[in-house]
Amino acid sequence: MPYRAAVVGAGITDATSPRKQQLSAVELCQQATWAALDHAGTTPDTLDGVVVGNIDGFEGTVLGARNLTRALGLGADLPVTIINTGGTTGGNLMQVAARMVRSGSHARVLCLGGPTFFGVRDLQSAINTNSPMIIEQPLGMGAYHMGAFAANAYRQRYGLTPEDLAAVVVADHEKASRNPHAHLRYTVTEDEVVNGRPLSSPLTQPMVCPVSAAAVAMIVADADDVDDLRSTPALIRAMGMSSDPYLGGGKGDFAEMQNLATLARRVYALADVRDPAAEFDVVEIFAPYAHMQPMQLEALQLAPPGGGVELIRSGATSAGGSLPTNLSGGPKCTNAGVAGELAPYAYAALQVMGAAPEPIQVPGARRALAHGTGGTFFQFENLAIFEALPRSDA
Amino acid sequence: MTTTPTQAVHWDLHYDIHLGATWSRFMDGLRDRKILANVCPSCDRVFVPPQAYCESCFERTDRWVELPPEGSLEVFTVAWHGFRGGPTPPYAIGGIRLDGASTLLMHWVIGLDFTEPTTLLAQLPAGSRVRAVWAPQRTGQILDIAHFEPDRD
Amino acid sequence: MPPRPPRPVRRMAPVHVVGLAATPFLPEQDAMLDELVFDVTYAALRECGLRKQDLGLSVMASLDVLDGRSISSGLYTAAAGGYLNDAFRIEGDSGLAVIAAAEAVAAGDVEVAVAVGVYNPEVRSADREARRSFLAQVSNLGFEPHFDRPVGLTAEVVYALHAAHTLESGGEDLDAFARLAAEEITRGSERPRSVRTAPVTAQEVLASEQVAAPLRELMLPAHSTGAVAVVLASPARAGRCLGRSARITGFGHATGGYTWDGRWLSDPAAPTRRATRIAYGQAGISAAAEQVGLVELTAPTPALHAPYLGALGLAASLGDKDVNASGGARSNFPGLANGALRLLEVVEQLESRAGASTAVAHSVDTGTGLVSEDVSVLVVEAA
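Residues numbered from 1 in each chain as written. Chains lettered and ligands numbered in written order. Predicted model: local features only at pLDDT ≥ 70, side-chain atom pairs only at ≥ 80, totals over all residues.

The name recorded for chain C in an unreviewed UniProt entry is Acetyl-CoA acetyltransferase, from Frankia canadensis.

Under an unreviewed UniProt entry, chain A has the name 3-ketoacyl-CoA thiolase and belongs to Frankia canadensis.

Observations concerning the overall build of chain C
Note the following rule: A run of H or I in DSSP counts as a helix once it spans at least four residues, and a run of E counts as a strand once it spans at least two, with each numbered from the N terminus. Residues are defined as contacting one another if the C-beta atoms placed from their backbone atoms lie within 7 Å.
Scanning chain C for helices and strands turns up 14 helices and 11 strands. Of all intrachain contacts in chain C linking residues separated by at least 6 positions in sequence, the fraction that spans at least 24 positions is 77%.

Some details on the UniProt feature "domain: Thiolase C-terminal" (unreviewed entry) in chain A
How we decide: UniProt positions are given in the numbering used here, feature names are shortened, and annotations may be inferred rather than shown by experiment.
Here the UniProt feature "domain: Thiolase C-terminal" (unreviewed entry) sits at residues 258-378 of chain A. Between the end C-alpha atoms of residues 258-378 of chain A there is a gap of 12 Å, over a span that is 42% helix and 9% strand.

Here's the deal with the environment of Ser245(C)
Residue and element names in this part refer to chain C. Going by this rule: Three exposure classes are used, all based on how many other C-beta atoms lie within 10 Å of a residue's own C-beta (placed from the backbone): buried at 20 or more, exposed at 12 or fewer, and partly exposed between those limits.
Looking at the element boundaries, serine 245 is found in the loop between helix H9 (235-238) and strand S8 (246-255). On the neighbour-count criterion, serine 245 (15 C-beta atoms within 10 Å) is partly exposed. Considering only alpha carbons, one finds serine 245 and glutamate 351, 106 residues apart in sequence, at a separation of 8.0 Å. Setting aside chain neighbours within four positions, we find serine 245 in contact with Ala382 and Ala383.

A word on the interface of chain A and chain C
Quick reminder of the rule: Note that Gly is not counted as nonpolar here; it falls among the polar residues with everything else outside the nonpolar set of Ala, Val, Leu, Ile, Met, Phe, Trp, Tyr, Cys and Pro and the charged set of Asp, Glu, Lys and Arg.
Each partner contributes residues to the interface: chain A has 54 residues there, and chain C has 55 residues. Those elements giving two or more residues to the side of chain A that touches chain C turn out to be helix H2 (56-59), helix H3 (64-71), strand S3 (80-83), helix H4 (89-103), strand S8 (234-243) and helix H9 (258-270) of chain A. Among the elements that take part in the side of chain A that touches chain C, H4(A) stands out by supplying 6 residues, more than any other. The residue inventory of the side of chain A that touches chain C, partitioned by class, reads 21 nonpolar, 24 polar and 9 charged.

Focus: the sheet that holds strand S5 (residues 64-67) of chain B
All names here are of chain B. Basically, it comes down to this: Here, strands pair whenever DSSP counts at least two bridges between them.
Read across the open sheet, the 3 strands follow the order S2-S1-S5; overall the sheet is antiparallel. Single-partner strands in this sheet number two, and they are strand S2 (46-47) and S5. Inspection of the sheet shows strand S1 (residues 35-39) paired to S5 by 4 bridges, in the antiparallel sense. Within the sheet, the bridge partner assigned to isoleucine 35 lies in S5 and is leucine 67.

Some points on the environment of Ala217(A)
Within the secondary structure layout, Ala217(A) lies in strand S7 (residues 216-222). With sequence-adjacent residues up to four places away left out, Ala217(A) is seen in contact with Gly11(A), Ala32(A), Thr33(A), Ala35(A), Ala36(A), Leu110(A), Cys111(A) and Leu112(A).

Quick word on the interface of chain B and chain C
Contact with chain B, which involves 18 residues of that partner, is made by 24 residues of chain C. In terms of residue count, helix H1 (residues 20-31) of chain B provides more of the side of chain B that touches chain C than any other element does, 4 residues in total. Here the residues of the side of chain B that touches chain C sort into 11 nonpolar, 5 polar and 2 charged.

Observations regarding helix H11 (residues 270-283) of chain C
All names here are of chain C. Just so we agree on the cut-off: The length a helix should cover is 1.5 Å for every residue beyond the first.
Taking 1.5 Å per residue as the helical rise, H11 with its 14 residues ought to reach 20 Å, and the 20 Å between its terminal C-alpha atoms agrees with that figure. The element H11 is largely enclosed, with a buried count of 12 among its 14 residues. For H11, the full list of buried residues reads Ala270, Pro271, Thr272, Arg273, Arg274, Ala275, Thr276, Ile278, Ala279, Tyr280, Gln282 and Ala283. Next to the buried residues of H11 lie S8, helix H10 (263-266), helix H12 (288-291), helix H13 (302-311), strand S10 (358-365) and strand S11 (374-382). In the segment just after H11, glycine 284 is the residue with positive phi, at about 75 degrees.

A closer look at the pairing of S7(A)
Residue and element names in this part refer to chain A. Across the 7 residues that make up S7, a large majority, 7, are buried. Where strand S1 (residues 5-12) and S7 come together, 7 bridges link them in antiparallel fashion. By the bridge assignment for S7, alanine 5 is matched with aspartate 222. Both strand S4 (residues 108-113) and S7 contribute to a ladder of 6 bridges, which runs antiparallel. Across the sheet, valine 109 pairs through a bridge with valine 220, a residue of S7.

Let's talk about the domain arrangement of chain A
Residue and element names in this part refer to chain A. Which entries qualify depends on this criterion: The domain boundaries here were taken from an automatic or database domain assignment.
For chain A, the domain assignment lists domain 1 (5-121 + 211-222) and domain 2 (139-210 + 238-388). Here the C-alpha centroids of domain 1 and domain 2 sit 23 Å apart. Counting residues at the interface gives 36 residues for domain 1, matched by 33 residues for domain 2. Considering every element that reaches the side of domain 1 that touches domain 2, the biggest residue donor is H4, with 8 residues. Its residues assigned to classes, the side of domain 1 that touches domain 2 comprises 18 nonpolar, 17 polar and 1 charged.

The structure is reproduced here in structure tokens:
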């Protein structure tokens, strides 16, 4: 018999640069796990599974998640499932856990995202090994170059200026400055962003995410078996993933996110979301580069084509606006790899649970959208919709 | 401030990547200054680089066609910084739609004035015509095409 | 409120196996990984009369470090039918991919799902020593970097430590290990999927190359490469499919402890026991010895055969022909594709043998040997 799945606890550690981080990866994961268990009001012995993310090539390990998870002391022989789908790993952890719970084979599953980029010396070289070898890698095609393609195509299509891209960054930093867990908590001006160190045209350093060290954990559980818990569950109302082909050349159009747009239609239909801009109380999307957030808002039907930057400039996506988006500051200000990818899911769930960090909590948030993207040329997308599930015993 | 204790850990593996029949044929073509694409028997999409299968129809591709070494530059970026093992910056990488192709081929584009960063997009607007320049020595790899140059005729 | 124990195992809605396909099993596949994935996914869908568009989910099992690139599933997600669809990759044995796909069907989220395991390490096989050295290096990188990697732990070392421990504790002797290996290899030698194709004697096993004392080459899995795809469907959708008629009624997964707890040495079958308890509970199996008629189990060394069989509750009940009729991992072990291969073997045996109606497919991930061992147990019934 199928069951319903909900997030019943989430834990997010404070983020720092890897250089300043005093804790080991295991210690960060332990902190996040304990925080999630504490938030749910439960203990490790109620868990019957762990789903954990791991990107070997970035971490200098092979399935490091496996010994890492054992080091947390979560109980003998607890099944550990390791997911690796690049930038969608974090969000997919929750989707895999939700299926385990929805099938009835598991009752409570821990999702754990560790600090993927922690300790790598040649990070850019490591990340670039996901660009298609033989065909695209010999060209010096790496992660942010793939991002820059979309930035240029989008700019040309809609006549956007570097200042427009900078406006997105300014807004993200302003939000992150109020999130106690964020890594880059300083504010910036459009001038500082536009005149930052050029990386890959048109992207400057401030338009690209930092490398952070942090961990995020989340507990996915049977939504109708929560009597022993103390949190307000975030029901996983709908979810889905979508994939593009491998080669960057397989993208139909770099100026619009068609893969995400089709996924959004599918997931919205599952949740009966008919007017997304009006129906979401809060949105967390994985937008590590400046041009991504406006493009994603458009693909998600939250802004008209070419209107993403205007929506952000209008203040609608800021705290108190009609569509609070990435109040966490998003991956633009904190990106700890798999932890950074799980973060949009954790923040979105925390918002409808009424348990987001106080300075960024949207009062009375009931429905939230969470998003992840990654892989070669951002070929993978995932989405989930959370709804507050008021407790019958409340 | 205390120093953060770390230990050096090295990860170094060597691989011989299996090219497979499809990419082998493409690489052999480059040696002879030919850009070979293959075609989905169901929807007629033309793939370059070639694919063993069409992801949309889920059918094995079969027919091979030779494409002209010219097409339109749909998008590009200039990389201002290098990385270990990568090319020397700055360099421009573009997504090129060869005439007759359904997909984009990624390659270097030359002919940009890097001293004018603010005019890059104006120098090569989307849709600019470009042409492949062959490397004098060809060994069956993607850099047998040295780069693409603007076709200003 | 006092902490509550994990909920008892619940019965599962059955999930049907409707399509199964494998590549030939070879020392090395001369193909890009996506070609292997496409070929088996295509063939498995064809077998049951389904199309890519029928798929609700594709789950892959593979490992970046063997594939030679990070996020390697990016290369073959579309080849597994994942284009513009739900798809993800598990790093581990394909038994786990089968379980994840079955969960999506059992959850009612999808009608048809495919699980694909692909294994073709991106190194040449001609130089056997170089390949062995590569795989050992990959295994070593799977261990904790500050304590265990520097002292050279690998899967083979862990297996050998356990085998030595078994011999010293007097339970079995080396001749018994050799006899078991010889029987399995000989039984499998005439099967088309085996990569050890000649019968061998116990003496030949004992005379084969030393790997890590006390283990010899022929006591260890018969390394091969390949890909296997499994198409699963809901009972109603399976009714409209061609092809296979088997159903998975229980699936259990467990992961063992790390080096320091020592249980991998003293009680190596503990993860198998946990996975078995869950799988049998879901399938409603209360007396395995009476209910289970055949098993394909994966014991990477002969020293693990009896402990695993015991953990499955089948130590005394099954005859030689009912345990690893295929010859098991000592006849063919395609790395991470093994879990799906063991399922393929039991489904075929259920199809071809009168009498047997319930079977078990057991698989382990040998990446770090018994340390953090990943186990999957599938209960399969003839439909």
